[in-house]
Each structure stands twice: as C-alpha cells, then as structure tokens.
Amino acid sequence: MCGIAGYIGYREAYPIVVNGLKRLEYRGYDSAGIMMYDGKKMHLSKTKGKVSDLELITEKETERKHGTIGIGHTRWATHGVPNDTNSHPHFSQSGDLVLVHNGIIENYDTIKKELISRGYTFKSDTDTEVLINLIEEVKKKENCKLGKAVQLALTQVVGAYAIAVFDITKPNEIVVARLGSPIAIGVGKDNKEFFIASDTSPFIEFTKKAIYLEDGELAIIKKDKEIKVRQIKDDKLINADIQKLQLSLEQIEKGGYEHFMLKEIHEQPRAIVDTYRGRMLPDEGVIKMAGIDDNMSKFLNADRIIIVACGTSWHAGLVGEYLFEDMARIPVEVEYASEFRYRNPIITSKDVVIAISQSGETADTLAAIKLAKSKGAFVFGVCNVVGSSIARETHAGAYTHAGPEIGVASTKAFTTQITVLSLIALKLAKEKGSLSTSAFQAYLQTMQLIPGQIEKLLEIDEHVKSIAAVYKNAKNCLYLGRGYNFPVALEGALKLKEISYIHAEGYPAAEMKHGPIALIDENMPIFVIATNKGHYEKVVSNIQEIKSRSGKIIAVVTEGDTTVKEIADHVIEIPETEEAFTPLLTTIPFQLLSYHIAVMLDKNVDQPRNLAKSVTVE
Ligand code: M6R
C-alpha cells in the first residue's frame, strides 16, 4: 500500500507533493515524509503520523520546503513498525541516493545480509532501505548512471514495488519503476514539469496528461526532455502511451460534507445512474455492454462463473451469485481472492472468472486473475478505477462509474458493483432466454427507479442517527439477512466494525440457531433485514426467536410493513422494489448507521486505524 508523490519542474515542489500525499492518504497513513532538493542540498523531513504531522515539522523551517524537486511518501507499515526512522524517504549509505517505495521486497533479508557483508549498515527495519543500498552498490560496482543502476538492482529483487529514486550527483532527474504497485506520471506542458504519483489525483489540477507505467517498466524523468520508458528485464525502449485524464478536482474534494464517506453515501443515486447510463436502454429493451457483447459466447458456453474479490467487493460478488443463478441460471462460485490463489483451484478454459475490485489494485485479486488466466479461463473485470492494474490485466471488463471513492469504508463502490452485476445478469438472462421479455423489461423499469428511491431513503438520516445514538456503546452486534440480503448483512457488519471498531458479525438469518443465538441477551442489538420479498415469513420467525431471548431488534422493512413493526424495537423502512434489487436499498441505512456511530464515538471515519483503501500487499 503506501502512497508516492513527486515533482520535478519549475514550480515550488513542496505544496504539490504535500497536497498530493494528502490525497493519497487513503493508501496508508501511519507515517509520512518528504525529500526536497533546493538546487544544492537535499532536505529530509519525516515522521510517524499523518501528512498533517509532517507539515507541523516543516512549518517553521522554510529551507526544508524550498526547491523544484521533491519526492514524498505516506506509509502503511509492512516491514518495521510505524516510527520516524522507518518512515520514507530512505537514503543510501553514502547519502547520495534517496528512495520512496510502495510494495514489499520479499528477498530483502538475503540482500541485506549480502550488503552487510560488504560493509553496509542500516538504520531502519525496512525493506526499502535495503533496496536503496542495493541500487547504490550496483551503481558503484557497474560505474553506471542512476537509471541503469536502478534497472540492474530491480532484476535482483523479488516482490512488488512502485519506486521513485533521486540522486544528488545527477540532480536533474527522477527514476521511477513499477512491478505490482501502481505509478502514474503526469506530463506538464512542453515537458517543462512532471508529476509522479500512485494515482493521478495529486496532479489533476496541473495536467490532464498522464502515463501509467506498466508492470516491469522503468522511466527516466528529466525536466525539458521526453520521458524515456524501458522494460526492466530486456532493456527494450517503450513508446509510452500518454492518456487523457477524465478526473476532475471537484470529484476528489469533500464538497461541503464533513467526511468523504458521507459524501460518497450521498453520491450513490448519481453513481448508479452513471453506471447504467448508456448501457441500460429500457425504451429499446436492451442492455449494451461492449465487454459482454464482444465475449458473449464465452459467457453463454461457460460451465460456471467464478467471482473473485476481497472485502466489500466480495460481498458484492455474493449478491452477484444470487443474481446470476436466479436470472441467468449459470452456476456461480464466489471466492475470496486470497484463498482462491493459494488453493490450487480447479479452473478450466470453460470457466469465466469475474474479478471485482474498486481500486483495481488489490494484490490478492490481481494474483487470482493471473492464476485464472494461466489456466486458460476468460477473465472479466469489474473495477472502478480507470486504467488500474486489474482493469488492464483482465481480458475484458466493465467499469463501475462511481467516481473516486476516498473514504476507506466502501459505500458507492458496493452499490455500483451490484448495479454492474445486475446488468450483466439481466443481459445474459435475456440472451439465454431464462427471463421472459416482459420480466426483463420490468426489471429495467424497476432499476430506473432505484436512484430516486435511494435519494428518498437518504432522508431517513435523522431517524438512523437517533438509532445510532441508542446503540453507539454496544460491544457486539449481529446483522442478519437471507437470500439476496445475506451479503448485505455481512456488509453492514463490516461497515460497523471497520469504522467504529465495534465487534459485529453478519449471518444468514437461519444460521442464527446454529450458534450465534447463544450470544443474544438484552444487551445485544440485532439488525435484521426483513423486506417483504423472498423469505419474509421465515425472517419474521427469526425475529420472534430473537424477541423471546430479549435481544434488541432493529429491522429494515419494506414501507407499509405492519407485522415486524409490532415486534421490533426500531424499524427503518425502504421503498418497494424487486427482490433482486433490494440490496441496493437495504445497504443504505447500514452505511448511515455505521457512519453516525463512528462520528458519535469520535473515530476517524475516512481513515480508520490499521486500514488502507488500496490493499496492494497480500
Ligand atoms: O479495491 P478493492 O475493491 O479490491 O478492495 C477490497 C477490499 O479491500 C475493500 O472492499 C475493503 O474491504 C473496504 N475497506 C471495505 O469497506
């Protein structure tokens, strides 16, 4: 994980790098650092804590902030605890070279021992300090320039990296490289300046032109010169593709909301419309998705669909399982990418693998894709971040158009993933004839109502807030749902635990009797999804069972429900919709509830402890 930001050009680099790091804090926020080059000297500032802590250090020392070249880092610790010493950037032994790194050097220990035997000493516990000294050693031994030294050093390295390296003996360039961790280069007008970052958000107000480095590539960035990109292994020069960015500054700001998470919850109506716009055409009675249309035979002839994902995206995948099996009658397996990739799974060329990822950078999901491809499966990606590693690694795909999701807790990513999966399931169902034309048409009409219904549902905020106030001190919570809403129960529990640190578990409602029921007493809040479709009566029975054991029931019901209202301690009403689309609505109150509880408990909503938005380590 970790975020990298850098600048080389004619402007003062400090504000660009520091503001860029703030935008990248979603990638990690346990320490931060910057190296500024003022034309003569390098100035290093680094600290445990956030980028705002780094600013406190540099506040009064203007010389630390001066210069037109800078590289910075915001860290999510892997090797070595978060402290000042382990923070990046790291210098080489001579003090000439400096490096920021996102990723893990797996064979760092072997390299470190070798370097120690050659007289190197280390200040930190990081793999990064090992890498910068390896580069220094290669540079000395081969008597070569920085670019060559980085390239040769990287051929000795096992692991994942996105790096930016600066050499004071050649202070007109920054060398960057990637393998498994993302890095983008913003290209300024007439090559007069360049921006380096883990994603394009740090430089969006300066340039709309960017190069996304591919795995195994290295770039030498010099002011006033064309960027040179080459392959690390075979030294081949690459014609780097300069892409036009669509991202806007407005999209990555809070827009008047107190937290990104709240903004993103409220963006869901717009995000869902953006996700189906141009694809779902109810008047024509079709769904157009190029990635599916171009590969229709693969889907129709598939023995099964395997969905791989992590976290919230895995929960969306579970909803996908219900959608595909229910509508398109295709068998589906949903796998945690981290288990799938290490399980020696049986995959054939008759399998279609769907990889779901908001960031498009999740290491385990990426590895699962590579494994599936190596076994001949067709791999389809559902990603939010355009140009991300997963989007590029898959054979075809469909983007969710949620816009940047910055809050660590996924909200709009989840609902837009479900939207894409619904569109695919409906499209396949139509093609296979497993849904009648009228049923297909009815689904499309109903889907069109969802954004407006969410808009209306968001008006219950105060009601949800009052429920949050009652249960904010709970130690444990249960979330129950059946069918399409079982994954929502899992997602509701995940939202609560990740931002409020309250222990919560999601269960299929009927499973309660097989264990969790033992936990129920008058102190246990139980959130139950009891919409009027599917297994309503069964869920009502489960609610009765909870009531008889004095559990506190907070039920999400369909508007107009009277039965559950009589039994539950609190109800939250959602509008009427097709059962298949209920997750798009039932998840909203749980998002709001978790948000309010976290705010009431004074937790860091957007950057919860120990987490990072983009999990690029396994
Ligand atoms: O970017 P991805 O969708 O691949 O991320 C997967 C999980 O890390 C992510 O969904 C995580 O569980 C969220 N923080 C949950 O809110």
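Peer 1: Describe the site of the ligand, naming the residues involved and giving the relevant values.
Peer 2: Close to the ligand lie 15 residues; S313, S357, S359, T362 and E498 are nearest. Contacts to the ligand include S313, whose side-chain N or O atom sits 2.6 Å from an oxygen atom. One of the backbone nitrogen or oxygen atoms of S410 is found 2.8 Å away from an oxygen atom of the ligand. Summarising the interface, the protein chains cover 91% of the accessible area of the ligand, which totals 410 Å² for the free molecule.

Peer 1: I'd like a rundown of the side chain of D561, residues and numbers included.
Peer 2: Tracing the backbone through its elements, the reader meets D561 in the loop between β26 (552–558) and α19 (563–567). One buried charged residue, D561, remains without a salt bridge, the closest side chain of opposite sign being K565 at 6.7 Å. A distance of 2.4 Å separates polar atoms of two side chains, one belonging to D561 and the other to Y536. In this view, D561 contacts A530, Y536 and E573; residues no more than four positions away in its chain are not counted.

Peer 1: Which residues make up the environment of A442, and what values do they have?
Peer 2: Tracing the backbone through its elements, the reader meets A442 in helix α15 (residues 437–457). Of the residues examined, A442 reaches a relative accessible area of 33% and is grouped as partly exposed. For the pair A442 and K497, spaced 55 residues apart in sequence, the C-alpha separation works out to 37 Å.

Peer 1: Describe the pairing of strand β21 (residues 378–383), with residues and values.
Peer 2: Taken across its 6 residues, β21 has 6 buried, putting it largely inside the fold. With burial as the criterion, each face of β21 is covered, one bearing F378, F380 and V382 and the other bearing V379, G381 and C383. Pairing of strand β20 (residues 351–357) with β21 involves 6 bridges; the strand directions are parallel. Looking at the pairing, I356 lines up with V382 of β21. Following the chain from β20 across helix α12 (residues 363–374) to the adjacent parallel β21, one finds a crossover that is right-handed. Here β21 pairs with strand β22 (residues 396–399) via 4 bridges, running parallel. Residue pairing in the sheet places F380 in a bridge with A396 of β22.

Peer 1: Run through the sheet that holds β26, naming residues and quoting values.
Peer 2: Judged by pairing direction, the sheet is parallel, and its 5 strands sit side by side in the order β24-β23-β25-β26-β27 without closing on themselves. Both outer strands of the open sheet, β24 (503–508) and β27 (570–574), are each paired with one neighbouring strand and no more. Neighbouring strand axes in the sheet, compared pairwise and without regard to direction, differ in orientation by 15 degrees on average. Relative to β24, strand β23 (residues 476–481) is paired through 6 bridges, and the arrangement is parallel. Residue pairing in the sheet places N476 in a bridge with H503 of β24. Helix α18 (residues 536–547) rests against β23, β25 (525–530) and β26 of the sheet, and its axis sits at about 165 degrees to β25.

Peer 1: I'd like to hear about the pairing of strand β7 (residues 159–167), residue by residue, with values.
Peer 2: Successive residues of a regular strand alternate their side chains across the two faces of the sheet. β7 sits mainly inside the fold: 8 of its 9 residues count as buried. Summarising the sheet, strand β6 (residues 97–105) and β7 pair through 9 bridges and their orientation is antiparallel. Paired with V100 across the strands is A164, a residue of β7. With antiparallel pairing between neighbouring strands as the criterion, β7 and strand β8 (residues 173–179) make up a hairpin whose turn holds 5 residues.

Peer 1: Quick rundown of the packing of aromatic side chains? Include the residues and the values.
Peer 2: Following the criterion strictly, the structure yields 13 aromatic pairs and no others. Ring centres of F299 and F380 lie 5.6 Å apart, and the angle between their planes is 80 degrees; on these two criteria the pair is classed as edge-to-face. Residue F299 is found in helix α9 (residues 296–300), and its partner F380 is found in strand β21; the two are separated by 81 residues along the sequence. What makes F299 buried here is its relative accessible area of 0%. In textbook terms, an aromatic cluster arises when at least three aromatic residues are bridged by ring pairs, as seen for Y7, F195, F203 and F206. The lysine or arginine in question, K50, covers the ring of Y29, its NZ or CZ lying 4.5 Å from the ring centre. Positioned above the aromatic ring of F122, the side-chain terminus of K112 is 5.2 Å from the ring centre.

Reading the values: the criteria
Residues numbered from 1 in each chain as written. Predicted model: local features only at pLDDT ≥ 70, side-chain atom pairs only at ≥ 80, totals over all residues. Heavy atoms only, no water. Near = heavy atom within 4 Å. Polar contact = N/O pair within 3.5 Å; in protein donor to acceptor, adjacent residues only side chain to side chain. Areas by Shrake-Rupley, 256 points an atom, 1.4 Å probe, with all protein chains shown as cover. Helix = DSSP H or I, 4+ residues; strand = E, 2+ residues; numbered from the N terminus. Buried < 20%, exposed > 50% of the residue type's maximum accessible area, 1.4 Å probe, protein only. Lys, Arg positive; Asp, Glu negative; His and termini not counted. Salt bridge = Lys/Arg side-chain N within 4 Å of Asp/Glu carboxyl O. Contact = heavy atoms within 4.5 Å. Pairing = 2+ DSSP bridges. Right-handed = clockwise from strand over helix to strand, strands pointing away. Axes fitted to C-alpha atoms, helices over the stretch in contact; angles between N-to-C directions. Phe/Tyr/Trp six-rings, centres within 6.5 Å; stacked < 30°, edge-to-face > 60°. Lys NZ or Arg CZ within 6 Å of the ring centre and 35° of its normal.

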